[in-house]
Amino acid sequence: EGYTDQVKIIYNYGIEQDLEAESVDPGEPFNVLISGIDVRENVLENSRSDVNIIVTINPKTKKIILTSTPRDFYVPISGVSGQARDKLTHAGIYGVDASMRTLEDLYGIDITYYVRVNFNTLVQVVNALDGVDVYIEEGFQPFTDSEIYIESGWQTLDGREALAYCRERYSFADGDNQRGRNQETVLQAIIAKICSPSILLNAGDFMSSLEGAFQTDIPNAKIQELINQQLSDSTPWQVFKQAPTSEDYQMQPTYSGGPTPLSVVYPDYYIVKQCSARINIIMEGR
């Protein structure tokens, strides 16, 4: 905590890399990575990926499963660190493709697309939707925004409140694990709101209002295909959630941090395999 206030940037070096465009046939299931970076302004900036949610979508069965992976998972960064382990969040420093490869290796899956967002993205999306409905189990005052208080029960959260809810961990006994579940809950509420006819019929205006708020390689044709499908068949999507939580926290050196020990969590690979199996169940239409 307080990392950005204690560090001065003396030099930036960037590498631009074109990712190979992929596509999937209409109706075929696919995976999308929601990569949330810890900055407010430039969504194109390479930074730590504190949010790593794989969205598995099967248009035929209209089922989605959200898989949220803790940012402190102690794993090798694919194509970067070799066998050396690092915090998953540090993969974002090397680009969204590094995050995608690392999660592909962890779960043994293929991730076709990505959506890269930051703090402001969530605020803009939720406000553009006129708020999202979320059930809050216990009211709390967010550590990251002490000027607001989030009441218990069903609440319609605006952008600022949704961001505070997604960032909070100190108010919960399960800390970062609960934060991951809360992020999935907000994403589930966003999906439900976006799939409403009132939003889909004005999808062009909605997307225009978010111009520059996020980065993605999902083709416009794929987005339009999903919109048309939902308009022709308004059956609600079933959205499931899962997270490979672990309590094995340790202080260990990391590839990006050098010899200085940082707080990391070793994955419980039995739970990781369970999550991977559920992803495959959705992909296979079972």
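This structure is a prediction, so every number in the text was calculated from the model and none was measured. (Residues numbered from 1 in each chain as written. Predicted model: local features only at pLDDT ≥ 70, side-chain atom pairs only at ≥ 80, totals over all residues. Heavy atoms only, no water.)

Caption draft 1: Quick peek at the side chain of D145. Counting through the fold element by element, D145 comes out in the loop between strand 7 (132–136) and strand 8 (153–157). We classify D145 as buried; its relative accessible area is 14%. With sequence-adjacent residues up to four places away left out, D145 is seen in contact with R160 and A164. (Helix = DSSP H or I, 4+ residues; strand = E, 2+ residues; numbered from the N terminus. Buried < 20%, exposed > 50% of the residue type's maximum accessible area, 1.4 Å probe, protein only. Contact = heavy atoms within 4.5 Å.)

Caption draft 2: Here's a closer look at the packing of helix 3 (residues 159–167) against helix 4 (residues 175–194). With their axes 7 Å apart at the nearest point, helix 3 and helix 4 run at an angle of 150° to one another. The segment helix 3 lies against helix 4, with Y165, C166 and R167 engaging R179, N182, Q183 and V186. Tallied by class, the residues present in the contact of helix 3 with helix 4 amount to 3 nonpolar, 2 polar and 2 charged. (Axes fitted to C-alpha atoms, helices over the stretch in contact; angles between N-to-C directions. Nonpolar A, V, L, I, M, F, W, Y, C, P; charged D, E, K, R; others polar.)

Caption draft 3: Summary view of the sheet that holds strand 6 (residues 113–117). With mixed pairing, 6 strands are arranged side by side in an open sheet as 9-6-1-2-3-10. Sheet topology places strand 9 (215–216) and strand 10 (238–242) at the edges, where each strand pairs with a single neighbour. Here strand 1 (residues 30–37) pairs with strand 2 (residues 49–58) via 8 bridges, running antiparallel. Opposite S35, over in strand 2, you have N52 as the bridge partner. (Pairing = 2+ DSSP bridges.)

Caption draft 4: Up close: unusual backbone geometry. Of note, K62 is a non-glycine position whose phi angle comes to about 55°, a positive value. Within the element layout of this structure, K62 appears in the loop between strand 2 and strand 3 (63–68). A positive phi angle is found at D130, which is not glycine, with a value near 60°. With respect to the element layout, D130 can be found in the loop between helix 2 (119–128) and strand 7.

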